[in-house]
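If you want the building blocks of each chain, they are given just below.
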Amino acid sequence: MLTVEKLRKTYESDQGPVEAVRGISFTIEEGRFYTLLGPSGCGKSTTLRCVAGLERPDSGEIVIGEDAVYSRDAGIDVPGNKRDIAMVFQSYAIWPHMTVFDNVAFPLAHGRARVPKAEVRRRVTEALEMVQLESMATRPAPYLSGGQQQRVAVARALVSRPRLLLLDEPLSNLDARLREDMRRELRSLTMRLNLTTLYVTHDQVEALSMSDRIAVMRQGLIVQEGSPVEIYAHPAEPFIAQFVGKVNLLKGRVVNNGNGTEPGLVDVGAGGLTCFVPEGIGANDPVLLSIRPEHVVVYAGERPGATNVLSGRFQSAFYVGDSWECVVQVGDMALQARLNEAVTFSIGDEVNLELAPDHCVAFRSEE
């Protein structure tokens, strides 16, 4: 449905050219929810703006459906207002001098093709019903809450029935509870309408909970693409492991690499740990061993059958509602663990950590 090929965009700055997007390619299938995830300055919003026609790329190709909307080689650059898209901005861009109805009706009244008044009313009412704002059609836009304004922006995007919906960090201005509600509503809406969606965010929870596929970006490049489970459980490099959720990274050296198929063994100083060692990493190579806090078990005393065990001292525990986030000092390493049961340890207690072997992965390290 959307194909982006070898897209490049460079900006001029006081320090010289800045490559915002460095030849990225990706495809979104019809009806899928695709997210560009990454830190500020990674190129995700620039990519979205190129697709929207708000920025002109330096090279590459953008195809929506069967229609090329940008191709430097073919000399194609379709203006943004003639592309079959709709966009929701981070600031919502709601016009304060208009009512809710008039805001939503604007693309139909002033868009690519004028729509008869009766059809405008029907489609605006339908769009407002989708976002549960039909009772507020006559309300002036300034008298809406942040969440209501965000819904108006979504309704305005949907009313023109676009082939492609573009969302540029639309939830970042909402409070935590409202963000959670709107995540569910947006995902449910796009699924119900089978609407192809390109979403931009720096929030890993949004990306993991809403997406069919995620492309993690860094310094203008896509460094990993996959399903939410693949991105979280099998990060391709330490940057992704750290950016997408919390992770422990332990410096170590490979004792046995397992030949890339069997579990290997890594010495982390405080002991040897069984883990997966990717191909290309050999014996005695320096590595960073990664494991998520939820795959670390904390216990005192002996535990029959326990493997991948390190010993340390209990440092802290913080209650976060559905679990306890704990820190255990193992030598010069502070390791995080997430416990679902009430914590019975005191600061300074000697404890053991069991690191689930199936969830330990080694990354190549430069020491």
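Our structure's up above, just so we're on the same page.
Rules used throughout
- Residues numbered from 1 in each chain as written.
- Predicted model: local features only at pLDDT ≥ 70, side-chain atom pairs only at ≥ 80, totals over all residues.
- Heavy atoms only, no water.
- Helix = DSSP H or I, 4+ residues; strand = E, 2+ residues; numbered from the N terminus.
- Contact = heavy atoms within 4.5 Å.
- Areas by Shrake-Rupley, 256 points an atom, 1.4 Å probe, with all protein chains shown as cover.
- Salt bridge = Lys/Arg side-chain N within 4 Å of Asp/Glu carboxyl O.
- Buried < 20%, exposed > 50% of the residue type's maximum accessible area, 1.4 Å probe, protein only.
- Pairing = 2+ DSSP bridges.
- Axes fitted to C-alpha atoms, helices over the stretch in contact; angles between N-to-C directions.
- Right-handed = clockwise from strand over helix to strand, strands pointing away.

### Re the overall build of the protein
Here is step 1 of the chain: A count of helices and strands for the protein gives eight helices and 21 strands.
Here is step 2 of the chain: Overall, the protein is about 75 × 50 × 40 Å in size when its C-alpha atoms are taken along their principal axes.
Here is step 3 of the chain: Partitioning the intrachain contacts of the protein with sequence separation of at least 6 by distance along the chain shows that 66% fall at a separation of at least 24.
Here is step 4 of the chain: Of the roughly 18,100 Å² that the protein leaves accessible, carbon and sulfur atoms contribute 47%.

### So, the pattern of salt bridges
Here is step 1 of the chain: Using the criterion set out here, one finds 21 salt bridges in the structure.
Here is step 2 of the chain: Measuring nitrogen to oxygen at the nearest pair gives 4.0 Å for the salt bridge that ties Glu126 to Arg122. Note that Glu126 and Arg122 are positioned in helix 3 (residues 117-130) at a spacing of four residues, about one turn of the helix.
Here is step 3 of the chain: Judged by its relative accessible area of 31%, Glu126 is partly exposed.
Here is step 4 of the chain: Relative accessible area serves as the criterion here: at 42%, Arg122 is assigned to the partly exposed category.

### As for the pairing of strand 13 (residues 264-267)
Here is step 1 of the chain: Only one face of strand 13 is covered, namely the face carrying Gly264 and Val266; the face carrying Leu265 and Asp267 is uncovered.
Here is step 2 of the chain: Both strand 12 (residues 248-256) and strand 13 contribute to a ladder of three bridges, which runs antiparallel. Each bridged residue has a counterpart across the sheet, and for Asn256 the counterpart in strand 13 is Leu265.
Here is step 3 of the chain: As defined by bridge partners, strand 13 adjoins strand 14 (residues 272-275) across four bridges and the pair is classed as antiparallel. Bridge pairing in strand 14 places Asp267 opposite Gly272.
Here is step 4 of the chain: Linkage of strand 13 to strand 14, two consecutive antiparallel strands, is achieved through a turn of four residues, within which Gly269 is found at a positive phi near 90°.

### Things to note about unusual backbone geometry
Here is step 1 of the chain: Within the chain, Lys6 stands out as a residue other than glycine whose phi angle is a positive 50°.
Here is step 2 of the chain: Turning to its location among the elements, Lys6 is positioned in strand 1 (residues 2-13).
Here is step 3 of the chain: Although it is not a glycine, Glu169 sits at a positive phi angle of roughly 45°.
Here is step 4 of the chain: Looking at the element boundaries, Glu169 is found in the loop between strand 8 (164-168) and helix 5 (176-192).
Here is step 5 of the chain: For Glu169, a relative accessible area of 10% gives the class buried.

### Digging into the sheet that holds strand 13
Here is step 1 of the chain: If you trace the five strands from one edge of the open sheet to the other, you get 14-13-12-15-21, paired in antiparallel fashion. Whereas interior strands pair on both sides, the edge strands pair on one side only; in this sheet they are strand 14 and strand 21 (361-364). For this sheet, the mean inter-axis angle between neighbouring strands, taken without regard to orientation, is 45°.

### Considering the side chain of Arg123
Here is step 1 of the chain: The residue Arg123 is located in helix 3 in this model.
Here is step 2 of the chain: For Arg123, a relative accessible area of 12% translates into the label buried.
Here is step 3 of the chain: When sequence neighbours within four positions are dropped, the list of residues in contact with Arg123 reads Leu108, Val115, Val159, Ser160 and Arg161.

### Looking at helix 1 (residues 44-52)
Here is step 1 of the chain: Among the nine residues that make up helix 1, seven are buried, leaving the element largely enclosed by the rest of the structure.
Here is step 2 of the chain: Looking at the residues trailing helix 1, positive phi occurs at Gly53, about 85°.

### Here's the deal with the sheet that holds strand 11 (residues 221-226)
Here is step 1 of the chain: Pairing is mixed in the open sheet, where six strands are placed in the order 7-8-9-3-10-11. One side of each edge strand has no neighbouring strand; the edge strands of this open sheet are strand 7 (85-88) and strand 11. Here the average twist between neighbouring strands, direction ignored, is 20°.
Here is step 2 of the chain: Bridge analysis of strand 8 against strand 9 (residues 196-201) gives five bridges, and the strand direction is parallel. Bridging from a neighbouring strand, Leu166 pairs with Leu198 of strand 9.
Here is step 3 of the chain: Along the sheet, helix 4 (residues 146-158) contacts strand 7 and strand 8; its crossing angle with strand 7, the most-contacted strand, is approximately 175°.

### Some thoughts on the pairing of strand 9
Here is step 1 of the chain: Of all six residues in strand 9, six are buried; the element is thus mostly enclosed.
Here is step 2 of the chain: By the alternation rule, side chains of strand 9 split into Thr196, Leu198 and Val200 and Thr197, Tyr199 and Thr201, which are all buried.
Here is step 3 of the chain: Alignment of strand 3 (residues 33-37) against strand 9, held across five bridges, turns out to be parallel. Residue pairing in the sheet places Leu36 in a bridge with Val200 of strand 9.
Here is step 4 of the chain: A crossover links strand 8 with its parallel partner strand 9, the connecting element being helix 5, and its sense is right-handed.

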